[in-house]
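If you want the building blocks of each chain, they are given just below.
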Amino acid sequence: MSSIRWQPNDPNIYLYVEGRWYRYLSTSAPVGEGAMGIVYLGFDCMTNEKVAIKMLRQEFWHDQQIRNRLRLEASISISHPNIIRMLGYCEDSSMTGPLYVLSEYIYGVTFKEHVEQLSNFELNREDQFNKIVTEFLPAMDAVDHLHSLGVIHRDIKPANLMFQDGNTLKLMDLGIAKADYFFDAHLKGFIGSKPFAAPEQIVDDNTEAKIDHRVDIYALGVTLSYLLVGHFPISASDKVPRALVQIIDKATSEIPEERYEYAFQMRNSLSEYLMKSGKEKR
């Protein structure tokens, strides 16, 4: 039985993934696009639940290294409230045709867009900082969980943090994640997004970056800086509380050994900052 089906006079493409059938309209406009794939809104054929369906771009159909990356993304089966849930993948039987990766469908705004919306509220600068930090805490829960499973995200940034229905924060896009249990093909060259990538990620095209989970700690620090003041590093003119700057400075040290070892340690420091900030205001 083919895992990809279509029928004459039916605009739907049907995909068989992990024992279930899904569908999407081949004539519909994409809901998102990336370097490797095009994302469509799909549906579970039995429950009609919305899903996200990412189709590998045709120019990459014969690139086995990229196909491997998408298979890895689809295989990261994680149950965590702050991490996007992957449903699996299916591909053309020739292994050189269409490949689809399915995940839960997240509808909402990115953390960057959310911060922009905060300007509509009458918050003083400190209260806005504290609200952003409070809402950022689940990102570290998500990263800590990934690391406990031997997975490094490698591309944490405001655009990859979304509020589902304006409520639950979700860490998105596991497309370039590195997993201990999956053959990584020893990819050479820079992998990530500047300026959120740690120094050790930035190598030339002929070099394999030597990284560990602390690249995600660095990215968390840079991401928080961007959410607070729109750039990195933070300057004195930004008027960010010194205790908060010190936490970001530690997370973004150029020397990996000087960063927080674990995401939960950074979370604890931020929680302590919020607790002290609240007491000082009373």
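Provided above is the structure to which this section pertains.
Presented here is a report on the structure given in the accompanying data block. Since the model is a prediction, treat every value here as computed from it, not as a measurement. (Residues numbered from 1 in each chain as written. Predicted model: local features only at pLDDT ≥ 70, side-chain atom pairs only at ≥ 80, totals over all residues. Heavy atoms only, no water.)

1. Some words on the packing of aromatic side chains
- What the rule picks out here adds up to eight aromatic pairs.
- Residues Phe196 and Tyr226 carry aromatic rings whose centres are separated by 5.0 Å and whose planes lie at 50° to one another, so their mutual orientation is tilted. Pair noted here: Phe196 is in the loop between strand E13 (178-179) and helix H4 (214-229) and Tyr226 is in helix H4, with a separation of 30 residues, a long-range link.
- On the accessibility criterion, Phe196 (12% relative accessible area) is buried.
- For Tyr226, a relative accessible area of 27% puts it in the partly exposed group.
- An aromatic cluster is present here, built from Tyr24, Tyr40 and Tyr100 joined pairwise through their rings.
- Positioned over the ring face of Tyr260 is Lys250, at 5.2 Å from the centre of the ring. (Phe/Tyr/Trp six-rings, centres within 6.5 Å; stacked < 30°, edge-to-face > 60°. Helix = DSSP H or I, 4+ residues; strand = E, 2+ residues; numbered from the N terminus. Buried < 20%, exposed > 50% of the residue type's maximum accessible area, 1.4 Å probe, protein only. Lys NZ or Arg CZ within 6 Å of the ring centre and 35° of its normal.)

2. Examining the pattern of salt bridges
- Evaluated as defined, the whole model comprises 16 salt bridges.
- Across the pair Asp44 and Arg20 runs a salt bridge whose closest N-O atoms are separated by 2.8 Å. A residue pair is termed long-range when its members are at least 10 positions apart, and Asp44 in strand E5 (residues 37-44) and Arg20 in strand E3 (residues 20-25) qualify at 24 residues.
- In this structure Arg20 comes out as partly exposed when scored by relative accessible area, which is 31%.
- In this structure, Asp141 and Arg267 form a salt bridge, with 2.7 Å as the shortest nitrogen-oxygen distance. Of this pair, Asp141 sits in helix H3 (residues 125-148) while Arg267 is found in helix H6 (residues 263-281), placing the two residues 126 residues apart along the sequence.
- Residue Arg267 is classed as partly exposed on the basis of its relative accessible area of 24%. (Salt bridge = Lys/Arg side-chain N within 4 Å of Asp/Glu carboxyl O.)

3. Considerations on the pairing of E5
- Buried residues dominate E5, accounting for six of its eight residues.
- With two bridges joining them, E3 and E5 adopt antiparallel strand pairing. When the bridges of E5 are listed, Arg23 appears paired with Phe43.
- Bridge count for strand E4 (residues 32-33) against E5 is two bridges, and the pairing is antiparallel. (Pairing = 2+ DSSP bridges.)

4. Notes on the nonpolar core
- Core analysis: the largest hydrophobic core is formed by 59 residues, its most contacted members being Phe111, Phe136, Leu220, Leu224, Leu228, Met266 and Leu270.
- Here the element with the most residues in this core is H3; it accounts for 10 residues.
- Within the second largest apolar cluster, 15 residues are counted, among which are Ile13, Tyr24, Tyr40 and Leu102. (Core = buried A, V, L, I, M, F, W, Y, C linked by side-chain atoms within 4.5 Å.)

5. A closer look at the packing of helix H2 (residues 111-118) against H3
- In the contact formed by H2 and H3, the axes pass within 11 Å of each other and the chain directions differ by 155°. Classified by the angle their axes make, H2 and H3 are roughly antiparallel. Where H2 crosses over H3, the two elements pack in a sense that is right-handed. Where H2 approaches H3, its residues Phe111, His114, Val115 and Leu118 are matched on the opposing element by Gln128, Lys131, Ile132, Glu135 and Phe136. (Axes fitted to C-alpha atoms, helices over the stretch in contact; angles between N-to-C directions. Parallel < 35°, antiparallel > 145°, perpendicular 65-115°, else oblique. Left-handed = near helix turned anticlockwise from the far one by under 90°. Contact = heavy atoms within 4.5 Å.)

Any functional reading would require information that these geometric values do not contain.
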